Amino acid sequence: MSSSTSHTSTIGAIGAPSRRNTELGLLVFAVVIPVFAYANVGLAINDEVPTGMLGYGIGLGLLAAVGHLVVRRFAPYADPLLLPLATLLNGLGLVLIWRLDQSERLQQRAEDLFGGFTPDAPNQLMYSAIGIALFVAVLLILKDHRILQRYTYISMAVALVLLILPVFFPAVNGAKIWVSIGPFTIQPGEFAKIIIAVFFSGYLMVKRDALALASRRFMGIYLPRGRDLGPIITVWAMSLLILIFETDLGTSLLFFGLFVVMLYVATERTSWIVFGLLMSGAGAVGVATFEPHVQQRVDAWLHPFSDTVMAQSDQIANSLMAFGSGGVLGTGLGQGNSDLIGFAANSDFILATVGEEFGLAGMMAFLLLYGLIVERGVRTALAARDPFGKLLAVGLSAAFAIQVFVVAGGVMGLIPLTGMTMPFVAYGGSSVIANWALIGILIRISDTARRPAPAPAPNPDAEMTQVVRP
Amino acid sequence: MSELTLTVMRLGFLAVLWLFVIVAVQVIRSDLFGTRVTQRGARRNAASRQQGAPASAPPAPRQQQGGRQRRGAPTKLVVSEGTLTGTTVALQGQTISLGRAHDSTIVLDDDYASSRHARIYPDRDGQWIVEDLGSTNGTYLDRARLTTPSPIPLGAPIRIGKTVIELRK
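Cut-offs used in this document
- Residues numbered from 1 in each chain as written.
- Chains lettered and ligands numbered in written order.
- Predicted model: local features only at pLDDT ≥ 70, side-chain atom pairs only at ≥ 80, totals over all residues.
- Helix = DSSP H or I, 4+ residues; strand = E, 2+ residues; numbered from the N terminus.
- Contact = placed C-beta atoms within 7 Å.
- Buried ≥ 20, exposed ≤ 12 C-beta atoms within 10 Å, placed from the backbone.
- UniProt positions renumbered as here; feature names shortened; annotations may be inferred.
- Pairing = 2+ DSSP bridges.
- Expected span 1.5 Å × (residues − 1).
- Core = buried A, V, L, I, M, F, W, Y, C linked by C-beta atoms within 7 Å.
- pLDDT = per-residue confidence, 0-100.
- Axes fitted to C-alpha atoms, helices over the stretch in contact; angles between N-to-C directions.
- Parallel < 35°, antiparallel > 145°, perpendicular 65-115°, else oblique.
- Left-handed = near helix turned anticlockwise from the far one by under 90°.
- Nonpolar A, V, L, I, M, F, W, Y, C, P; charged D, E, K, R; others polar.

**Thoughts on the overall build of chain A**
Within chain A one finds 17 helices and 5 strands. Within chain A, residue pairs in contact and separated by at least 24 positions form 73% of the contacts whose partners lie at least 6 positions apart.

Printed below as a string of structure tokens:
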């Protein structure tokens, strides 16, 4: 009897513990850090602990507590990291926006241009509260993420409407991404990214076998049949139309990139990535040849310090300078000059403040926080038991990741700047609210994925079989 | 505010931020779930198996289902020959299916096995029974081909194609 000992292993199941107390501990940590940062800004700028510190700390703490209690009650097995990470980013974003509110340069600039200065931080706190409210609503209403699967084609229609709507409203700063209803302006693209992920997951779940299996092998990669290229060409055309009519590179990239990522995940075919990269490259270059707004952005990316670009906008130049002057350890909160960026310093360019005042070390930690959110999303996808949940979790994490990449890359000069906001950190209601909803859906999927399987029903066969003993 | 205080606060903030990241990664590390595969190393060899005594078994978490386990009842199923040699499955009153089908408890990679080949389950007294599920090449208990569900004596080899499994204490 010969046997090998290389396969000696025991297989058994481990139930995931609920980890709610871990989440609570991390949440306390995630509230304390921003309060500390808040005190730091006050001490650096005004030489005193800011008066609003208690109110701000209590406000953020309350939001976190509400989020935690709702998760504890309605999603007890959810991932313990998503909520604390989002809370920390949101809290630090509030501190950064408040810090830029204190800048005399920005106050002076607002008075010159608009005749008055209104601080943004209180608004952002209000948006965060609305965001948490939506997060709670998602967890209360969405008892099972598979319900979303029923609305596959409705969500396609809604997403198209949301993407097309801004065309009919006037452009703000050269990009048509805004919809104004009365006193409110919202960015429908932020919400569209969630809804489009629902559509892509529902669609690809049904079609993925056709897209994955019907293909010919050529030079090591699988080439899809011509007719299977239909969906990707449609989405590509849509994203090009967004680029042309709304002149918004960010939404266009997010939209197409999300589709390619989900297509790859659904079919496991590398060829889709090759196709996706070729098509987006060709599309972007093609549009840049005749669209002046896109050309401007590319010019500003390639030559940020040239005279022609500086005459139009010195934002990118100032942003690069801010990163440089931050160095490795940063200048310290409240002691940088990132407010020189002026316009959009606390929204699109807020990462420059992070880079200058926290330095490279802080920037890395910041990007790691985003990376951890994405990692938890992908981990949720791995653990999810249903293909729709898997695709949706991957799609939402990919949308989040692409958005962070597009914004961070634009501000740092890696890719042309686009009009998108850093999730949770940048000033802007739509962005904060939509991203809290995104985290809510991820928490719902992770709760379903990590919930221990119900005890198996007693096997009826075992009871009924009559054993005849010899 | 003195330069020193601000520097300390600045470095302190970075330290706290990184501490959060490290704590979060530690949580991920302790948060692994799914299927546990316990490596048992090369301690078990053919000699100790012939004596029928498990040599230095690891303290595997064994959830006993109270009442069902009798004294002297087998507690685990061990694959002793074939490609899955060394794999064990804890016996906890569940039905164990064997075959090439992907949803089998033990997925056999064996040309002589049917997709749903056999199953092993406890009867009401806790006695383990093996039943052939109409396989093409048959299931053998000791030397005899199974025709009816039969109780499994401790340590008796059950042969399916090239795979041999047995129940152990």
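**A word on the overall build of chain B**
From N to C terminus, chain B includes 2 helices and 12 strands. Secondary structure elements of chain B, listed N to C terminal, follow the sequence α-β-α-β-β-β-β-β-β-β-β-β-β-β. For chain B, buried positions account for 24% of its 169 residues. Considering only contacts within chain B whose residues lie at least 6 apart along the sequence, 36% involve residues at least 24 apart.

**Things to note about the UniProt feature "domain: FHA" (unreviewed entry) in chain B**
UniProt marks residues 96–146 of chain B with the feature "domain: FHA" (unreviewed entry), using the numbering shown here. Helix and strand shares over residues 96–146 of chain B are 0% and 39% respectively, and the end C-alpha atoms of the span are 17 Å apart.

**Description of the environment of A:Val425**
All names here are of chain A. Its location among the elements puts Val425 in the loop between helix H15 (387–412) and helix H16 (429–450). As a C-alpha pair, Val425 and Ile97 span 328 residues in sequence and 8.4 Å in three-dimensional space. Apart from the residues lying within four places of it in its own chain, the contact partners of Val425 are Leu89, Leu92, Gly93, Leu96 and Ile350.

**Topic: the pairing of strand S2 (residues 76–81) of chain B**
Residues and elements named next belong to chain B. The pairing of S2 with strand S3 (residues 88–90) spans 3 bridges and is classified as antiparallel. Each residue of the ladder has a partner; that of Leu77, found in S3, is Val89. In this antiparallel pair of consecutive strands, S2 and S3, the connection spans 6 residues, and Gly82 shows a positive phi of 105°. Alignment of S2 against strand S12 (residues 163–168), held across 5 bridges, turns out to be antiparallel. Among the inter-strand pairings, Leu77 is bridged to a residue of S12, identified as Leu167.

**A look at H16(A)**
Its 22 residues place the ends of H16(A) 32 Å apart at the C-alpha level, agreeing with the 32 Å of an ideal helix rising 1.5 Å per residue. Extensive coverage of H16(A) is indicated by the burial of 21 of its 22 residues.

**Things to note about the sheet that holds strand S4 (residues 96–99) of chain B**
All names here are of chain B. Read from one edge of the open sheet, 5 strands run S5-S4-S6-S7-S10, paired in mixed fashion. Unpaired on one side and paired on the other, strand S5 (106–107) and strand S10 (150–151) mark the two borders of the sheet. Across 5 bridges, the pairing between strand S6 (residues 118–122) and strand S7 (residues 128–132) is antiparallel. By the bridge assignment, Ala118 is partnered in S7 with Asp132.

**Observations concerning helix H9 (residues 249–267) of chain A**
Every α-helical turn comprises 3.6 residues, leaving residues that sit three or four positions apart pointing alike. All names here are of chain A. The terminal C-alpha atoms of H9 lie 27 Å apart, and with 19 residues this matches the ideal 27 Å at 1.5 Å per residue to within 8%. The buried fraction of H9 is high, at 18 of 19 residues. Glu268 sits one or two residues past H9 and shows a positive phi near 60°.

**Points about unusual backbone geometry**
If you check the backbone angles, A:Glu268 has positive phi at about 60° while not being a glycine. Mapping A:Glu268 onto the fold places it in the loop between H9 and helix H10 (270–290).

**Here we look at the nonpolar core**
If you look at the biggest cluster of nonpolar residues, it comprises 132 residues, and the most contacted ones within it are A:Leu85, A:Leu258, A:Met262 and A:Leu396. Of all the elements, H15(A) adds the most residues to this core, at 15 residues. Beyond its immediate chain neighbours, meaning those up to four positions away, A:Met262 contacts A:Phe200, A:Ser201, A:Leu204, A:Leu391, A:Val394, A:Gly395 and A:Ala398. Residues B:Leu108, B:Ala118, B:Ile158 and B:Ile165 belong to the second largest nonpolar core, which totals 16 residues.

**A look at the confidence of the model for chain B**
Residue and element names in this part refer to chain B. Mean pLDDT for chain B: 77, with 75% of residues reaching 70 or above. Here helix H2 (residues 46–50) is the element of chain B with the lowest mean pLDDT, 41, and helix H1 (residues 3–29) is the one with the highest, 91. Scored below 50 in pLDDT, residues 41–69 shows 30 contacts in the model against residues more than four places distant or in partner chains. Both confidence scores are given for the complex: pTM 0.75, ipTM 0.86.

**A short note on the packing of helix H7 (residues 188–213) of chain A against H16(A)**
All names here are of chain A. At a minimum axis distance of 8 Å, the contact between H7 and H16 shows a crossing angle of 15°. Put simply, H7 runs roughly parallel to H16. For the element pair H7 and H16, the recorded crossing hand is right-handed. Here Glu190, Phe191 and Ile194 of H7 lie close against H16, whose contacting residues are Ser430, Ser431, Ala434, Ala437, Leu438 and Ile441.

**Focus: the packing of H9(A) against H10(A)**
Residues and elements named next belong to chain A. For the pair H9 and H10, interaxial distance at closest approach is 9 Å and the crossing angle is 165°. Overall, the two elements H9 and H10 adopt an arrangement that is roughly antiparallel. In this structure, H9 crosses over H10, and the sense of that crossing is right-handed. Contacts between H9 and H10 involve Phe256, Val260, Leu263, Tyr264 and Thr267 on the former and, on the latter, Trp272, Ile273, Gly276 and Ser280. Residue classes in the contact of H9 with H10 are distributed as 6 nonpolar, 3 polar and no charged.

**Re the environment of A:Ile232**
Residues and elements named next belong to chain A. Its place among the elements puts Ile232 in helix H8 (residues 230–245). Separated by 47 residues in sequence, Ile232 and Met279 have C-alpha atoms that sit 9.5 Å apart. Not counting chain neighbours up to four residues away, the residues in contact with Ile232 comprise Phe259, Leu263 and Phe275.

**Quick notes on the confidence of the model for chain A**
Confidence in the prediction of chain A, expressed as mean pLDDT, is 85, and 89% of residues score 70 or more. Between residues 1–6 of chain A, whose pLDDT stays under 50, and residues either more than four places distant or in other chains, the model counts 11 contacts.

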